[in-house]
Amino acid sequence: MQQGYRQMLTWYDSKETALHALKNPPNREAFDGFQQQLMTVLNKLPGILDSPPDSLAAKEFVWEYGSVVKTFYRLKNESDFMLALAKTYQDEKRSAAFDEMYGHGAAKFFSNAVAAFYGRKPPFPKTE
């Protein structure tokens, strides 16, 4: 659990900012709006799965998703959060559920596109 807090501190700039975010969570209406924005972005995913993870379409997708996350969570920089999220899709069960919703290979594409966008080594090997 302490590692989770440590990671959260990397998403926020300071302990004070992180504590403020924890003590002042968004209201239900804001959360519903956030969910709707994310769904709007995620619904674009099936249409770009055949693109390379470093393509313009993939970059636009990651930028849009990251912008929604950054705004909702009030992050100064969303890159560490997005990379942590991408890493969660390496889990077999989570990956399978994501693929079922957005198409075969969606979790792998998402993770690799996020890694490419933020200049990191993709967590999944390239597909042929």
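Below: a short report on this structure. Since the model is a prediction, treat every value here as computed from it, not as a measurement. (Residues numbered from 1 in each chain as written. Predicted model: local features only at pLDDT ≥ 70, side-chain atom pairs only at ≥ 80, totals over all residues. Heavy atoms only, no water.)

It is worth spelling out the pattern of salt bridges at this point. Scanning the entire structure with this criterion turns up 1 salt bridge. Note that Glu 64 and Lys 44 form a salt bridge whose closest N and O atoms lie 2.8 Å from each other. Linking Glu 64 in helix H4 (residues 56-73) with Lys 44 in the loop between helix H3 (28-42) and H4, this pair joins segments that are 20 residues apart in sequence. Residue class for Lys 44 comes out partly exposed when judged on its relative accessible area of 41%. (Salt bridge = Lys/Arg side-chain N within 4 Å of Asp/Glu carboxyl O. Helix = DSSP H or I, 4+ residues; strand = E, 2+ residues; numbered from the N terminus. Buried < 20%, exposed > 50% of the residue type's maximum accessible area, 1.4 Å probe, protein only.)

This paragraph deals with the packing of aromatic side chains. If you walk through the whole model with that rule in mind, you get 12 aromatic pairs. Between Tyr 89 and Phe 98 the ring centres are 4.4 Å apart and the planes differ by 45°, which places this aromatic pair in the tilted class. With a relative accessible area of 5%, Phe 98 lands in the buried category. Taking 5.0 Å as the distance between ring centres and 50° as the angle between the ring planes, the aromatic pair formed by Phe 98 and Tyr 102 counts as tilted. Of this pair, Phe 98 and Tyr 102 both sit in helix H6 (residues 92-102), 4 residues apart, which is roughly one turn of that helix. Here the two residues Phe 98 and Tyr 102 agree in accessibility, since each one is buried. Joined through ring pairs, the aromatic side chains of Phe 61, Tyr 65, Tyr 89, Phe 98, Tyr 102 and Phe 110 make up one cluster. Lying across the ring of Tyr 89, Arg 94 places its NZ or CZ 5.4 Å from the centre. (Phe/Tyr/Trp six-rings, centres within 6.5 Å; stacked < 30°, edge-to-face > 60°. Lys NZ or Arg CZ within 6 Å of the ring centre and 35° of its normal.)

Rolled over the atoms, a probe as big as a water molecule pinpoints where empty space is left. Size it by volume and the second largest pocket reaches roughly 330 Å³. Lining the second largest pocket are 16 residues; nearest its centre among them are Leu 38, Leu 42, Tyr 65, Tyr 89 and Arg 94. Of all the secondary-structure elements, those providing two or more residues to the lining of the second largest pocket are H3, H4, helix H5 (79-88) and H6. Residues of the lining of the second largest pocket, tallied by class, amount to 14 nonpolar, 1 polar and 1 charged. (1 Å grid on protein atoms, 1.4 Å probe; cavity = no way out; pocket = protein on both sides within 12 Å on 5 of 7 lines; lining within 4 Å. Points joined across faces, edges and corners; volume = space filled by probe spheres on them. Nonpolar A, V, L, I, M, F, W, Y, C, P; charged D, E, K, R; others polar.)

Another aspect to go through is the environment of Ala 57. Tracing the backbone shows Ala 57 in helix H4. The exposure class of Ala 57 is partly exposed, given its relative accessible area of 28%. Counting along the chain gives 12 residues from Ala 57 to Leu 45, while the straight-line C-alpha distance between them is 9.6 Å. Setting aside residues no more than four positions away along its own chain, Ala 57 makes contact with Ile 48 and Ser 51. (Contact = heavy atoms within 4.5 Å.)

So yeah, pure geometry; function would need other evidence.
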